[in-house]
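A look at the structure
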Amino acid sequence: MKILTSEYTKKWTECDYVVLDLEGTGAQHRDKEGIVDIAGILVKDGVVTQEHFSYLLNPEISIPPFISRIHGITDRDVQGRPTLAEVKKDIFAFCDRRILVSHNAPIERRVLRFRLPEFEPLALLDTLKMSRSAYREEKKHGLDEVIKRLNLQSFLPCGTGAKRHTAYYDAVATAHAFVVLAEQLIGNAGTLQDILKYSVSESRQ
């Protein structure tokens, strides 16, 4: 799947984006890296919508204790949960013909290549790169720093289980960061080609 040449001149707000976050088992090897939590939020017309998917998954491999301490998900939590194979059709349907966005996108790109090699998004944009472009004087561009810098706290999920390093929470934070950073960098009149200059991590061209 490729971005059509005619689409580059569209306003960025005329394109659909899925802001994706995933939490895994932490290994950097195809046989040992699994997805335990994945979520995607739709950004449409330059607005973060309520449309989303969110799955707690059984990665079919053990979650190392030091990784569980980061995202709080243990082997017991994923017992009886669906596997990635069981939900990938729904994920593909949600992401079809939409541009993906993630924070520090190479991590998502690597895991997706391991676990969903047949998945080919139009492009993968990186809000970390956008933050570096918008705030060149700043040294730190992790999601925590971006949330504080852009004053996104009021947009974040609250309630039981709503915390950093869970996929839905981080996807919502990244989605709002994406919209704010895009407006700061290119304004609402900017085109898809403009935003790609600041944020592209991978493009199927």
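It should be emphasised that the depicted structure is a prediction, and the values quoted were computed from it without experimental measurement. (Residues numbered from 1 in each chain as written. Predicted model: local features only at pLDDT ≥ 70, side-chain atom pairs only at ≥ 80, totals over all residues. Heavy atoms only, no water.)

1. What about the overall build of the chain?
Of regular secondary structure, the chain possesses seven helices and six strands. For the chain, the α and β elements follow one another from N to C terminus as β-β-β-α-α-β-α-β-α-α-α-α-β. What you see for the chain is a C-alpha radius of gyration of 16 Å, in line with the 17 Å of a compact globule of 205 residues. Based on the C-alpha atoms only, the size of the chain along its principal axes is roughly 50 × 35 × 30 Å. Classification of the 205 residues of the chain by burial places 50% in the buried group. Relative to all contacts within the chain whose residues are 6 or more apart in sequence, the contacts with residues 24 or more apart total 69%. (Helix = DSSP H or I, 4+ residues; strand = E, 2+ residues; numbered from the N terminus. Rg over C-alpha atoms; globule rule 2.2 N^0.38 Å. Buried < 20%, exposed > 50% of the residue type's maximum accessible area, 1.4 Å probe, protein only. Contact = heavy atoms within 4.5 Å.)

2. Thoughts on the pattern of salt bridges
Evaluated as defined, the whole model comprises eight salt bridges. One salt bridge connects Arg98 with Asp16, and the closest N-O pair in it is separated by 3.9 Å. Placement of the pair is Arg98 in the loop between helix 2 (84-95) and strand 4 (99-102) and Asp16 in the segment before strand 1 (17-24), with a sequence separation of 82 residues. No difference in accessibility class separates Arg98 from Asp16, as the two residues are buried. Here Arg110 ties to Glu33 by a salt bridge, and the two come within 2.8 Å at their closest N and O atoms. Note that Arg110 is positioned in helix 3 (residues 105-115) and Glu33 in the loop between strand 1 and strand 2 (35-44), a separation of 77 residues in sequence. For Arg110, a relative accessible area of 25% corresponds to the partly exposed category. By relative accessible area, which is 3% here, Glu33 ends up buried. Among the charged side chains, a network of salt bridges with common partners joins Asp16, Lys44 and Arg98. (Salt bridge = Lys/Arg side-chain N within 4 Å of Asp/Glu carboxyl O.)

In short, geometric facts, not functional conclusions.
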